[in-house]
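A look at the structure
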Amino acid sequence: MEQQWWHKSVIYQVYPKSFYDADGDGNGDIRGIIEKLDYLQELGVDIIWMCPINQSPMDDNGYDISDYYEIAPEFGTIQEFETLIEEAQKRNIQIMMDLVINHTSDEHPWFVESRKSADNPYSDYYIWRDPKEGETGPKEPNNWASYFSGSAWEFDSNRQQYYLHLYSKKQPDLNWEHPKVRKEMQDVIRFWIEKGVKGFRMDVINKLSKDQRFPDVPNVPEGEYALGRPYYLDGPRIHEFLREVAAVYEGKEIVTVGETSGVTVENARLYTNPARKELDMVFQFDHMAVDAGPYPVGKWEVKPVDFLALKRIMSHWQDGLYGIGWNSLYWSNHDQPRAVSRFGDDREPYRELSAKMLGTCLHFMQGTPYVYQGEEIGMTNVQFESLDEYQDIELLNMYKERRAKGVSHDELMRAIWAKGRDNARTPMQWDDTGHGGFSKAEQTWLKVNPNYKAINVKAQLEDPESVFHYYKSLIQLRKDSPVSDVMVYGKYQLLLAEHEGVYAYTRTFETDTLLVLCNFQDDTYSLALDEVHTLQGAAPIIGNYSAPQLEGETIVLRPYEALVLQLT
Ligand code: NOJ
């Protein structure tokens with residue numbers, strides 16, 4: 001596989017609204033990120049992926065853009081963004097922007113024009129369809145559901161037509177069939193590359209190309225809606241569209257990652273095969289469903305993690321893209337619960353151990369690791385008492401819809417505590433002062449997790465045994481150490497596939513083999529490996545207990561222990 005500059009990189013995801021508030025208005029901002037660059041350099045990350053900072057009415061916290069060429073004033077100015085790029089580059093850190101091009105805000109001038117009439121230059125920038133005749137009168141063009149509850153179509157009284165919005169009704173989907181739309185987006189990309197951006201995370205990118213027949217989802221009762229995924233996931237023209245986008249930066253050092261929920265390994269091979277020039281990596285979502293129920297309740301059903309399925313899924317992706325494409329490795333992001341609360345154990349005394357264990361398990365896999373802000377200090381989920389303390393449109397809409405269907409308040413709050421997106425969005429915990437040192441404002445846009453006195457950056461920087469310092473070591477090992485090559489390019493092999501508590505795998509590159517052992521339980525296990533591998537002469541590379549317990553060919557793994565051995 002041809003080596004790329006970003007193969008050895010670790011990407012840190014910043015949710016700007018919650019990272020650091022430099023101007024004291026209760027919202028994080030670009031100046032706040034600049035002030036914390038030294039911290040990120042100390043951690044050792046190479047690229048910062050910033051969630052959207054463009055001008056936006058913030059219906060979905062910036063994933064509803066009303067001007068692609070402006071920065072939202074609450075985040076700062078273009079000049080500050082340029083300073084951020086410059087200051088980051090001084091520290092060998094590149095900036096990756098979030099590119100939200102499947103939809104805009106309904107306040108974007110294109111949509112404002114588009115909804116005025118069916119015969120102006122912007123009329124076809126969005127997906128408009130006439131009402132359908134239903135049994136009881138006109139109704140939506142089809143039965144597709146929005147990801148944020150209800151129908152994916154909204155009636156516009158002016159045009160007397162419906163427009164499609166896979167997300168909120170303030171996020172109308174663009175019509176990618178229209179060459180002018182595609183051209184507009186290429187201009188946007190060019191503009192930010194000229195500013196010095198070195199990468200793009202492409203929002204819901206495998207939903208750009210819709211089946212132009214817009215068929216109903218079959219077998220859905222009249223008056224109900226269902227996700228129309230078969231008609232737009234990895235849709236008919238998606239590969240063509242992506243190649244057209246990628247042509248904009250052909251030959252430039254740009255790294256791209258597509259957010260591709262529902263993607264199969266087969267399609268991911270097409271997206272990430274370098275020869276096809278579409279994307280560098282994709283975010284797959286299979287492992288985000290190991291604690292979810294079936295649609296429509298889906299993630300809101302609170303279930304324990306199916307650990308064997310987790311190992312199967314991760315291995316399927318490790319094997320599936322090997323030698324062909326490239327994986328993105330992540331446990332969490334701004335849409336997911338906190339990793340340590342979900343896959344580890346956020347109760348003391350296990351929080352730090354299990355946070356380190358999760359980091360180990362992920363960073364030794366093949367692909368590029370993503371660290372979501374706060375993961376490197378083991379930040380946890382939050383349980384706000386009242387629904388009023390929550391902000392996220394997805395969870396608020398879900399609450400309304402399911403409450404109306406008779407689900408109890410308590411059950412819905414439990415679901416929000418386990419899976420709500422605001423778990424990941426509470427402000428970054430910098431120290432033990434008010435609002436966790438995130439802001440000097442009286443009130444922050446979302447409250448800080450009350451555990452900030454115990455869990456914060458300042459305390460962890462001072463403690464050489466902290467999660468922070470452990471993550472720093474993981475990152476260092478990948479970038480510059482005798483095991484870098486095997487970490488980055490080694491072939492993965494799952495061991496002990498049926499073990500209910502331990503995730504064990506090897507990575508092999510040329511003559512080097514690493515054995516990675518991660519205990520996902522609070523039990524102790526005594527393990528004998530297999531006939532192929534021997535522990536004789538095994539050298540520890542990293543671990544979250546002070547000394548490994550090895551006796552002959554037996555390894556004892558203590559609660560949430562992580563251990564990496566170099567085998568001979
Ligand atoms: C995926 C983003 O990660 C999420 O935060 C957003 O709500 C949707 N795309 C819609 O843009």
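Now for a quick tour of the structure. This is a predicted model, so every value here is computed, not measured.

1. A few points about the overall build of the chain
What the chain contains, in helices and strands, is 16 helices and 23 strands. For 568 residues, the compact-globule estimate of 2.2 N^0.38 gives 24 Å, and the chain sits close to it at 24 Å. Taken over 568 residues, the chain has a buried fraction of 61%. Across the chain, every contact between residues at least 6 apart in sequence was considered, and the portion connecting residues at least 24 apart equals 70%. Once the 58 positive and 90 negative side-chain charges of the chain are each reduced to a mean point, those two points are 2 Å apart.

2. Thoughts on the sheet that holds strand S12 (residues 255–259)
Ordered by their spatial adjacency, 8 strands build an open sheet running S13-S12-S11-S5-S2-S1-S15-S14, and the pairing between neighbours is parallel. Both edges of this open sheet fall to strand S13 (281–283) and strand S14 (328–329), since each of them pairs with a single strand only. Here 4 bridges tie strand S5 (residues 94–99) to strand S11 (residues 199–202), and the two strands are oriented parallel to one another. Across the sheet, Met 96 pairs through a bridge with Gly 199, a residue of S11. Relative to S5, helix H3 (residues 78–90) is tilted by about 140 degrees, and along the sheet it contacts strand S2 (47–50) and S5.

3. Concerning the side chain of His 103
Structurally, the position occupied by His 103 is in the loop between S5 and helix H4 (109–114). On the basis of relative accessibility, which here comes to 2%, the residue His 103 falls in the buried class. A polar contact is formed between the side chain of His 103 and the side chain of Asn 102, at a distance of 3.0 Å. If near-sequence neighbours (up to four positions away) are discounted, His 103 is found in contact with Tyr 63, Tyr 68, Tyr 167, Gln 171, Pro 172, Asp 173, Leu 174, Asp 203 and Val 204.

4. Concerning the nonpolar core
If you look at the biggest cluster of nonpolar residues, it comprises 153 residues, and the most contacted ones within it are Tyr 12, Phe 81, Phe 200, Trp 331, Phe 364, Tyr 503 and Phe 520. With residues up to four places along the chain from it excluded, the contact list for Tyr 503 reads Phe 307, Lys 311, Met 314, Ser 315, Cys 361, Met 365, Tyr 492, Leu 494, Val 516, Leu 517, Cys 518 and Phe 520. Core analysis: the second largest hydrophobic core is formed by 20 residues, Ala 145, Tyr 147, Phe 148 and Ala 152 among them.

5. Describing the packing of helix H11 (residues 393–404) against helix H12 (residues 409–419)
One way to put it is that H11 packs onto H12 with a least axis distance of 10 Å and a crossing angle of 155 degrees. In terms of orientation, H11 lies roughly antiparallel with respect to H12. When the axes of H11 and H12 are compared, the crossing they make is right-handed. In this structure, H11 contributes Leu 395, Met 398, Tyr 399, Arg 402 and Arg 403 to the contact, and H12 contributes His 409, Glu 411, Leu 412 and Ile 416. Considering only residue class, the contact of H11 with H12 consists of 5 nonpolar, 1 polar and 3 charged.

6. Some points on the pattern of salt bridges
Any two side chains of opposite charge can pair, given that their charged atoms come close. Across all of its chains, the model carries 42 salt bridges by this definition. Here Asp 485 ties to Lys 8 by a salt bridge, and the two come within 3.3 Å at their closest N and O atoms. You can see Asp 485 sitting in helix H16 (residues 484–489) and its partner Lys 8 sitting in the segment before strand S1 (11–14), a full 477 residues away along the chain. Its relative accessible area of 34% is what places Asp 485 among the partly exposed residues. Its relative accessible area of 28% is what places Lys 8 among the partly exposed residues. Because the salt bridges share partners, they merge into one network encompassing Asp 60, Lys 299, Asp 335, Asp 392, Glu 394, Arg 421 and Arg 425.

Conventions we followed
Residues numbered from 1 in each chain as written. Predicted model: local features only at pLDDT ≥ 70, side-chain atom pairs only at ≥ 80, totals over all residues. Heavy atoms only, no water. Helix = DSSP H or I, 4+ residues; strand = E, 2+ residues; numbered from the N terminus. Rg over C-alpha atoms; globule rule 2.2 N^0.38 Å. Buried < 20%, exposed > 50% of the residue type's maximum accessible area, 1.4 Å probe, protein only. Contact = heavy atoms within 4.5 Å. Lys, Arg positive; Asp, Glu negative; His and termini not counted. Charge placed at Lys NZ, Arg CZ, Asp CG, Glu CD. Pairing = 2+ DSSP bridges. Axes fitted to C-alpha atoms, helices over the stretch in contact; angles between N-to-C directions. Polar contact = N/O pair within 3.5 Å; in protein donor to acceptor, adjacent residues only side chain to side chain. Core = buried A, V, L, I, M, F, W, Y, C linked by side-chain atoms within 4.5 Å. Parallel < 35°, antiparallel > 145°, perpendicular 65-115°, else oblique. Left-handed = near helix turned anticlockwise from the far one by under 90°. Nonpolar A, V, L, I, M, F, W, Y, C, P; charged D, E, K, R; others polar. Salt bridge = Lys/Arg side-chain N within 4 Å of Asp/Glu carboxyl O.

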